[in-house]
Amino acid sequence: MKKYIRSERANLFEPNVYIGMVVKLSGSPETEDIRRAVEEAYRANEATMSKIVLAPNGDAWYEKMERTGCAFAPIPLPWQEILRQSQQQPFALAQGELVRIFLSEEDGQKVLTIHAHHLVGDGKSILVLLQDIVSSLAHQRLRYKPLLSVDREFLQKRSRLYFGTAAYIQGVNRKWKKAGTAFTWENYASVHQRYWSRNVSDITYETFDLDTVKAQCPQGVTLNSFLIAKLLRDYPDCKVVGIPVSIREDEGMSNQVSGIAVKYGYDSNCSFEANARQLHKAIGRKLGSKRMKYFILSFMERLCPSLIDGVLLQTHGCCHNPLAEKMAQVMGYLGDGGRDLGVTNLGQIDIPGGRIQDILFIPPKVSYTKKVVGISSFNGKLTVCHHNMCQR
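None of the values given here were measured: they were computed from a predicted structure. (Residues numbered from 1 in each chain as written. Predicted model: local features only at pLDDT ≥ 70, side-chain atom pairs only at ≥ 80, totals over all residues. Heavy atoms only, no water.)

1. Some words on the pattern of salt bridges
Taken as a whole, this structure holds 18 salt bridges when the rule is applied. Note that arginine 248 and aspartate 122 form a salt bridge whose closest N and O atoms lie 2.7 Å from each other. Here aspartate 122 lies in the loop between strand 7 (109-117) and helix 4 (123-137) and arginine 248 lies in the loop between strand 9 (240-246) and strand 10 (257-263), a separation of 126 residues in the sequence. A residue is classified by how much of its surface remains accessible, and aspartate 122, at 5% relative accessible area, is buried. Salt-bridge contacts for glutamate 301 lead to arginine 152; the nearest nitrogen and oxygen are separated by 2.8 Å. Linking glutamate 301 in helix 11 (residues 290-302) with arginine 152 in helix 5 (residues 152-156), this pair joins segments that are 149 residues apart in sequence. Among the residues examined, arginine 152 registers a relative accessible area of 33% and is labelled partly exposed. (Salt bridge = Lys/Arg side-chain N within 4 Å of Asp/Glu carboxyl O. Helix = DSSP H or I, 4+ residues; strand = E, 2+ residues; numbered from the N terminus. Buried < 20%, exposed > 50% of the residue type's maximum accessible area, 1.4 Å probe, protein only.)

What follows is the structure in structure tokens.
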């Protein structure tokens, strides 16, 4: 059975939906041992053994391959330059290139720079791949992990759209099928070229002692709410926060993440603790509703796939269609409906084996979010990474 790309369809034509991870390895493993481990890790996951098929009618799906199209290459450059160069080259999705892993050295240490297209999976999926690499370096046998498809059957078992929303989507789809079109890999390449010829990544990060940060967290407020409150205090113009929400049900590589939008502006007339508590309550209300938790996935899964492509192309000036423009505004890609701030927290990273010294998680800078921050905790440190774009 084909595993169609529906709920995660916005990732297909999004020109900057790339997940980055910089991993400092402990010890001094040989290059060929690392290559072997990476290739074994690719073979252990259906996602990294698949290519993306884009049909003339606009349907897209994962199709398994006998050999991986994902890449591994030693390269004598700093990770910042590696990512800059990789960003310029669109992933060859039709050939199965969903991940690129580069090996370099920094101060005598081996460094893996992982650059992954979001269609291979979410941030947690990259950790699954990394764990496989570490396990393979230790000569442990890897377990093959299938790709979980978050399709309509999956979603309807957990939540359903409101009748009015479903009817609205049905009407929009009818209009698109009359006046819209399907797009091709040429459109995929053109939106990537247009975006990266005009923009360049600006990646900065800070590290903190994890226990010290936890000690500052007010009682009854999660670490995530506390950190988002601090970001809103630092960015007083941000009034809407997008927060990815894990719906993970297995240990494989796939997109098992939804998202919520929380409207909250930092109130300078109240204490920081009061703001953190109010924000925590607002997040809790959204997470407490299954309909809100699964809404964005259910919405996207029902929307005509080629219309979603059109929304991304319209956003970046590669398509001119009134309905695509209207839906880009509805979905927050154009106008004032987007997210002021997006915060992805991978939480505590636990990869046993003693092979990793440090990890930097770089979140994707998606088009509907103005500011993007990635948070991760590893080896007693908390890292906050800011991924912004600057015009060339």
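2. Here's the deal with the sheet that holds strand 6 (residues 99-106)
With mixed pairing, 5 strands are arranged side by side in an open sheet as 5-6-7-2-12. Looking at the sheet topology across the chains shown, the edges are occupied by strand 5 (71-74) and strand 12 (356-362). Neighbour-to-neighbour, the strand axes of this sheet turn through a mean angle of 15°, independent of strand direction. Bridging between strand 2 (residues 18-25) and strand 12 involves 6 bridges; their strand directions are antiparallel. Directly across from leucine 25, in strand 12, lies its bridge partner isoleucine 356. (Pairing = 2+ DSSP bridges. Axes fitted to C-alpha atoms, helices over the stretch in contact; angles between N-to-C directions.)

3. Focus: the packing of helix 6 (residues 163-179) against helix 11
Any two packed helices are characterised by the angle at which their axes cross and by the distance between the axes. Axis separation between helix 6 and helix 11 bottoms out at 10 Å; the angle between their running directions is 30°. For the element pair helix 6 / helix 11, the angle class is roughly parallel. Where helix 6 crosses over helix 11, the handedness of that crossing is right-handed. From helix 6, Thr165, Ile169 and Asn173 reach across to helix 11, where they touch Phe295, Phe299 and Arg302. Residues of the contact of helix 6 with helix 11, tallied by class, amount to 3 nonpolar, 2 polar and 1 charged. (Parallel < 35°, antiparallel > 145°, perpendicular 65-115°, else oblique. Left-handed = near helix turned anticlockwise from the far one by under 90°. Contact = heavy atoms within 4.5 Å. Nonpolar A, V, L, I, M, F, W, Y, C, P; charged D, E, K, R; others polar.)

4. Some thoughts on the nonpolar core
One finds Met21 and Ile101 to be the most contacted residues of the largest nonpolar core, which totals 76 residues. Ignoring anything within four residues of it in the chain, the contact list for methionine 21 reads Leu112, Thr113, Ile114, Gly123, Ile126, Leu127, Leu130, Leu346, Ile359, Leu360 and Phe361. Among the nonpolar cores identified, the runner-up in size contains 29 residues, and Leu210, Leu227, Leu232 and Cys238 belong to it. (Core = buried A, V, L, I, M, F, W, Y, C linked by side-chain atoms within 4.5 Å.)

5. Points about unusual backbone geometry
For residues besides glycine, phi is generally negative; the peptide bonds are generally trans as well. For aspartate 107, which is not glycine, the phi torsion reads 55° and is therefore positive. Assignment of secondary structure puts aspartate 107 in the loop between strand 6 and strand 7. What makes aspartate 107 exposed here is its relative accessible area of 76%. Even without being a glycine, asparagine 379 presents a positive backbone phi close to 55°. The exposure class of asparagine 379 is exposed, given its relative accessible area of 55%.

6. A few points about the sheet that holds strand 4 (residues 60-64)
Read across the open sheet, the 3 strands follow the order 1-4-3; overall the sheet is antiparallel. The open sheet terminates on both sides in strands that have one partner only, identified here as strand 1 (3-4) and strand 3 (50-54). One ladder, built from 2 bridges, connects strand 1 with strand 4; its direction is antiparallel. What sits directly across from lysine 3, in strand 4, is tyrosine 62.

None of the figures reported here should be taken as evidence of function without further support.
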